[in-house]
Amino acid sequence: MPLESAVQQPAAVAPAPATRTQARERAARNRRFTVYAVRVLVLAAFLGLWESCARSGVIDPFNFSQPSRIWDQIWMWITHGTAQGSLGEQVAYTLYEALTGWVIGVTAGVLLGIALGRVRFLADVLGPYIKVLNAIPRIVLAPIFLIWFGLGPASKVASAVVLVFFPVFFNAFQGAREVDRNLVANARILGANNRKVTLQVVIPAATTWIFTSLHVSFGFALIGAIVGEYIGATKGLGLMVAAAQGTFNAAGVYAAMTILAVVALLTEGVLTFAEKRLFRWKPADAGDGR
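Within each chain, residues carry numbers counting from 1 in the order of the written sequence. Residue-level local features of this predicted model are given only where pLDDT is at least 70; pairs of side-chain atoms are given and counted only at 80 or more, and the full residue set underlies all totals for whole chains, interfaces and linings. In computing side-chain values, all of the structure's heavy atoms are included and hydrogens and water are not.

1. What about the overall build of the protein?
Scanning the protein from N- to C-terminus turns up 11 helices and 0 strands. The helix and strand labels rest on DSSP assignments: H or I over at least four residues marks a helix, E over at least two residues marks a strand, and numbering proceeds from the N terminus. For the protein, the sequential pattern of α-helices and β-strands runs α-α-α-α-α-α-α-α-α-α-α. Burial classes: relative accessible area under 20% of the type maximum marks a residue as buried, over 50% as exposed, and values in between as partly exposed (1.4 Å probe, protein chains only). When each of the 290 residues of the protein is scored for burial, the buried share is 34%. Whether two residues touch is decided by their heavy atoms; if any such pair falls within 4.5 Å, the residues are in contact. Residue pairs at least 24 apart in sequence account for 73% of intrachain contacts in the protein once pairs closer than 6 positions are excluded.

2. Focus on the pattern of salt bridges
By definition, a salt bridge exists where a carboxyl oxygen of Asp or Glu is found within 4 Å of a side-chain nitrogen of Lys or Arg. Using the criterion set out here, one finds 2 salt bridges in the structure. A salt bridge links Glu 51 to Arg 55, with the nearest nitrogen and oxygen atoms 2.6 Å apart. Remark: Arg 55 and Glu 51 occur in helix H1 (residues 20–56); sequence separation between them is 4 residues, near one turn of the helix. By relative accessible area, Glu 51 is classed as buried at 13%. A salt bridge links Glu 89 to Lys 235; the nearest nitrogen and oxygen atoms lie 2.7 Å apart. Separated by 146 residues along the polypeptide, Glu 89 in helix H4 (residues 87–118) and Lys 235 in the loop between helix H9 (194–231) and helix H10 (237–246) bring together distant segments of the chain. A relative accessible area of 22% means that Lys 235 is categorised as partly exposed.

3. Quick notes on the nonpolar core
Counting 18 residues, the largest nonpolar core has Trp 102, Val 106, Val 164, Leu 214 and Ala 221 as the members making the most contacts within it. Mapped by element, the contributors of at least two residues to this core are H4, helix H7 (153–177) and H9. Contact partners of Val 106, with chain neighbours within four places excluded, come to Val 164, Val 168, Leu 214 and Ser 217. What we call a nonpolar core is a set of buried Ala, Val, Leu, Ile, Met, Phe, Trp, Tyr and Cys residues that are connected through their side-chain atoms within 4.5 Å. Core analysis: the next-biggest nonpolar cluster, separate from the first, contains 16 residues, Ile 74, Ile 226, Ala 256 and Ile 259 among them.

Remember that the coordinates give geometry; whether it matters functionally is a separate question.
If you want it as structure tokens, here you go:
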């Protein structure tokens, strides 16, 4: 039988299908894009409805203002400054007070929370006092701090500290209490003393709890600084709100609130970025679309 002279051509290699990881990454990117797009649409719809209601007289623009007037107010502050000075100076002043109070409050809350979480005797002794202090409406302390420390930044820092301390403290305390006992036992078997157990086991295990409180606590720090400035100050966003309210300038009130919201969102973004960098080992949540 004669040999076949035809030579079979190699079959075309089909492109390799996308791996599951690539598919998940693509789905996560699509979901993030969809979320951001919907967020923008919701904000645009809200601002458009607000503007149209104000222009048509459905709501009183004198009391409720409107987005166009708010933007004009912000632009005027950017280009011509405020009655208290440049807009950047006011933002920097408020941010300095909030950051200083936040750092002090976080430091005190973490240290005391870890200490009471590790030493039950301290928790039994100081626990009732902390609960009583936590029950006091801390905003009402701002006038007292104003009397004690004057119109300068110290009174606003104190207001921020008392608002930041308690959420950080309770999270640090709970994080120290929730440490896996097996980890502590294994560390002691390996010869770790109390100090090493605290530094190398308890604090790393409580870090997730602490970071959870940081997102909320910085907002509280801003609230403390703004309330203190609103009651009495020489500069800052809170003073701008008070001045706008005193002149029945609704656009000025909303403009200062908008600037404050932007500052809070930027700070939240920085904290989220730092948390992701520190906790890259954590698995993604099941519901995040990744």
